[in-house]
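Notes for the structure review
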Amino acid sequence: MGKKLLIWFIGSFLALGALQAQDILRGRDLKQVRVDELSDADISKIKAQLSAAGMTLEQAEPLVLSKGMSVTEFNKLKQRLMGAVAPGNKSGGKAGSNIPLSVERQYNGTDTLDTEKYNAKAAKPLINPLIFGAELYTSLAPSFEPNMKMATPLNYTLGPDDVIQVSVFGIQEYSGELPVSPEGAIAVPNVGQIKVAGMSIEAATQKIRTTLAGSVYRTIQSGGSKLSVSLTRIRSIKVTVIGSNRPANYNLSSLSTVFNALYVAGGPNAYGSFREIELVRNNRVERKIDLYKLLLYGDQTDNVSLRDNDVIRIPAYKRRLEIQGQVKRPGIFELLPGESFQEVLQFASGFTDTAYRSSVKVFQYSDKERKVLDLKTEEFKTYQPGSGDLVVVNRVLNRFQNRVKITGAVYRPDTYQLTAQLRVADLIRKAEGLTEDAFTGRGQIIRLEEDLSKGIRSFDVKKALAGDAEHNWLLQREDEVIINSMQDLKDEFKVIVQGEVRMPGKFDFATGLTLKDLIVQAGGFTDAAYKTVEIARLVQRDSLTATDTRASEVIRADINGDLSSAAANIPLRPFDVVTVRRKAGYQIPESVIVSGQVQYPGPYALNDRSERVSSILQRAGGYTADAYPDGAYLKRYKTEAERIKAREAAKALEKNITDTTGSLRKLEQDLQREYDKIPLDIPGIIKFPGSIEDLVLRAGDELYVPKFDGQVKISGAVLMTTQVPFREGNSMKDYLNEAGGFSSRAWRRKAYVVYANGRAATTSHFLFFKSFPKVMPGSEVVVPSKPEVKKTSTAEMIGISSAIASLAGVVIAILR
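Report follows, based on the coordinates.

Quick notes on the rules
Residues numbered from 1 in each chain as written. Predicted model: local features only at pLDDT ≥ 70, side-chain atom pairs only at ≥ 80, totals over all residues. Heavy atoms only, no water. Phe/Tyr/Trp six-rings, centres within 6.5 Å; stacked < 30°, edge-to-face > 60°. Lys NZ or Arg CZ within 6 Å of the ring centre and 35° of its normal. Buried < 20%, exposed > 50% of the residue type's maximum accessible area, 1.4 Å probe, protein only. Helix = DSSP H or I, 4+ residues; strand = E, 2+ residues; numbered from the N terminus. Patch = residues over 30% accessible without salt bridge, like charges linked within 9 Å, V, L, I, M, F, W, Y side chains within 5 Å. Areas by Shrake-Rupley, 256 points an atom, 1.4 Å probe, with all protein chains shown as cover. Salt bridge = Lys/Arg side-chain N within 4 Å of Asp/Glu carboxyl O. Lys, Arg positive; Asp, Glu negative; His and termini not counted. Charge placed at Lys NZ, Arg CZ, Asp CG, Glu CD. Core = buried A, V, L, I, M, F, W, Y, C linked by side-chain atoms within 4.5 Å. Contact = heavy atoms within 4.5 Å. Pairing = 2+ DSSP bridges. Axes fitted to C-alpha atoms, helices over the stretch in contact; angles between N-to-C directions. Polar contact = N/O pair within 3.5 Å; in protein donor to acceptor, adjacent residues only side chain to side chain.

**Structural notes on the packing of aromatic side chains**
Going through the model one piece at a time under the given rule, you end up with 13 aromatic pairs. Aromatic ring contacts, followed pair by pair, group Phe-132, Tyr-292, Phe-333 and Phe-347 into a single cluster. Sitting above the plane of the Tyr-633 ring, Lys-677 keeps its charged end 4.3 Å from the centroid.

Structure, rendered in structure tokens:
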């Protein structure tokens, strides 16, 4: 009979578990559900049930908890559904070497201290950012979440839903996570229930040790086994926050503190106090929290731990004032009874360096209107600000009350302090005295007059230093004393050297300067210098007559290279211009380059100023057998002067014409090219050397004789750009036909041929007759495209028609 009852009980329990697994959402009473007893198949059914209902775990949590499932069991279910842990092993056997020496504490509950859900709200501050302390509750504030990895506080009080890790190691071994039941006890296998609720971790550890040592784990008493008790999962507590930006009842970790709760509640609201926050416990005020202690001194004595059913009440503030201007931390500050403006100044971290400290402006509210108060420095400690006061700290004036200045020929020109009875001589001595070049005949004092205009006072510097009261002026604020230098009162004389010296330019004139001295300063003569030197001298005259047309007096002197001749000692005068001539015909040899199909390609120095192409070609040994003389050309690189001239011509052209054919674009391309390509008639040059075709070479030219190329290129507005072999007797039309003929945009009348040497030939027209240019080997036949013609728009046509109609009407009217 007993066996039958046992079998019936086990079957009923299993059936109940399966039913619970299938109807966990529809069931009315879930108090008896034990997640550890559910199989993996049951968990899969619950997953399917949630999926079919379209619910997430977060959405199912309040529903399941309202039907009696404990927070501990729901968290186990959540972990099973997420695949985090397998069903627990409740046997009390030996764990062997698997006993954990340390475990990471987890939060055994659903916590509203999840700041991510408030990120969207944090983007728009709920608190005026000017309020001192508001930065704690903005999006940039640090997170005040409790530290789950810190050591368990010894005064932590255990309660239902806490989970503790009990480990026995040594001769006897055991390890298990034991939840605190709603009745406040833990169940140790083979030992029984041990009540730990309401006890600290330290007290609970001692009680567990005594209980285990008195039961099956007797080796603990003898020291053969050791006991370790730690908190692995913590419970949640309910805390109510009122007067905050998000007042509500919150489920928080049991390790949470007052600051944690204030953070998740968004801090005090617009009228909430930061300094008189109340922690209400068991219907009485347990503590008043002043956040300024944390903000000003980092003092966290008010950051006390919370307990279940605590209430945090944030009352409205009593006094606030705003401080603006030259303080280090402007903002809105809250005052407690008895605090003065001196404390507010400390809250604002004091004045800035540029603050006006003698007094501050206080704008107050009366019963009917506003008023202003000038608060002196000596009143800071006694003045009790009213709520709504606005304090403005101004900037110190950008002016000096005791400044004088000295400039010019003194050793230390600078700004100095104006002391009592300070005179000109005293200020000069402060500046370390006069320099050697000081002009002592006269000095000036620039003085600010009563109408704020500037006036001048003159004095004799020598007499002032001697103590003459008439010249040793008594100085005033903002006076500027000027001592002139004798060098400032003289012209700056220069001499110029130009021509064949190593460093031509302007040089300072000095008394006794000779021609030899100047040439030495200029680095001496160059190798091209001629012995004759000209000195152009300023003409000294008292009046100018019609017959006196002299611009300068020119002195010529012959000087040898070592400057040993007597003429080198000619004394110079201010503004002399010395010119060193160049030797006649002095020219460093210059070269040209011959490249391509010649016998001896390479650089060749010009042996004559008018050496021609024929001469260079002869020196290069003539061209080779595979050369194509008809394609020879000359590269002539542009000088800087030519480039500048071309750019100026292009600018003038841009101003005078409108580019419709692309001529300006082509001109820009020509300007960017580094050289000009000059076609040469080599056979004619060889036959008639010295003719017009036989060009005179200049330095940097490059003569190029190409290799024979029996191809003809057809490009431009043709159906297919191509290259074809040269055929004797073929005309330009024949080659165009080989490229497929003209395209639809071809400008046939403007077709032309570019020969290998760069020469171009166009089609000539006479009446109805056309003469096409001859095509040679290496040529290119180019067909340009027609320029784009802008079509007349509808609006323009209407305008033209209207104008014609108006003109016709005028003509008819005149005829009548």
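The discussion continues.
**Some words on helix 4 (residues 71–81)**
Of all 11 residues that make up helix 4, nine are buried, and the element is covered over most of its length. Regarding helix 4, the residues found buried are Thr-72, Glu-73, Phe-74, Asn-75, Lys-76, Leu-77, Gln-79, Arg-80 and Leu-81.

**A short note on a positive patch on the surface**
On the surface, Lys-733, Arg-745, Arg-748, Arg-749, Lys-750, Lys-770 and Lys-786 cluster together into a patch of positive charge. Secondary-structure assignment places Arg-748 in the loop between helix 18 (732–738) and strand 34 (752–754).

**Considering the nonpolar core**
Ranked by internal contacts, the top residues of the largest apolar core, which has 49 residues, are Val-258, Leu-262, Leu-306, Ile-312, Ile-323, Phe-341 and Val-360. In terms of residue count, the dominant contributor to this core is helix 8 (residues 258–264) (six residues). Contact partners of Val-360, with chain neighbours within four places excluded, come to Phe-341, Phe-351, Leu-373, Asp-374, Leu-375, Phe-380, Val-391, Val-392 and Val-393. In this structure, Ile-186, Ile-194, Val-196 and Ala-213 belong to the second largest nonpolar core, which totals 24 residues.

**Describing the sheet that holds strand 23 (residues 505–508)**
In space, the five strands of this open sheet follow the order 23-22-26-24-25, with mixed pairing throughout. The sheet is open, and its two edges are formed by strand 23 and strand 25 (553–558), each paired on a single side. Between one strand axis and the next, the sheet turns by 20 degrees as a mean value, whatever way the strands run. Pairing of strand 24 (residues 529–537) with strand 25 involves six bridges; the strand directions are antiparallel. Across the sheet, residue Glu-534 finds its bridge partner in strand 25, namely Arg-556.

**Description of the sheet that holds strand 20 (residues 454–459)**
Sheet architecture is open: five strands sit in the order 18-17-21-19-20, paired in mixed fashion. Strand pairing shows two members of the sheet lacking a second neighbour, strand 18 (414–417) and strand 20, which therefore form its edges. Averaged over all pairs of adjacent strands, the angle between strand axes in this sheet comes to 25 degrees, irrespective of strand direction. In terms of strand pairing, strand 19 (residues 438–448) meets strand 21 (residues 480–485) through five bridges, oriented antiparallel.

**Let's talk about the side chain of Thr-532**
Tracing the sequence through the fold places Thr-532 in strand 24. What makes Thr-532 buried here is its relative accessible area of 18%. The contacts of Thr-532, once residues within four sequence positions are left out, are Ala-557, Asp-558, Thr-579 and Arg-581.

**Some words on the environment of Tyr-604**
Inspection of the secondary structure assignment puts Tyr-604 in strand 28 (residues 602–605). Sequence separation between Tyr-604 and Ser-591 is 13 residues; the distance between their C-alpha atoms is 5.3 Å. For Tyr-604, the contacting residues outside a window of four places in its chain are Glu-590, Ser-591, Val-592, Val-594, Ile-616, Arg-619 and Ala-620. There is a polar contact of 2.4 Å between the side chain of Tyr-604 and the backbone oxygen of Tyr-600.

**Here's the deal with the pairing of strand 14 (residues 359–365)**
Note that strand 14 and strand 15 (residues 370–376) share seven bridges and pair antiparallel. Within strand 15, the position partnered with Phe-363 by the bridge is Val-372. What sits between strand 14 and strand 15 in their antiparallel hairpin is a turn of four residues. As defined by bridge partners, strand 14 adjoins strand 16 (residues 389–393) across three bridges and the pair is classed as antiparallel. Looking across to strand 16, one finds that Phe-363 is bridged to Leu-390.

**Observations concerning the pattern of salt bridges**
Enumeration according to the criterion identifies 30 salt bridges in this entry. The partner of Lys-293 in a salt bridge is Asp-302, with the nearest N and O atoms 3.9 Å apart. For Glu-432, the salt bridge is made with Arg-412, and the minimal N-O distance between the two is 3.9 Å. Of this pair, Glu-432 sits in the loop between helix 11 (424–430) and strand 19 while Arg-412 sits in the loop between strand 17 (403–408) and strand 18, and the two are 20 residues apart along the sequence. In the salt-bridge network here, residues are joined through shared partners; they are Arg-541, Asp-548, Arg-550 and Glu-553.

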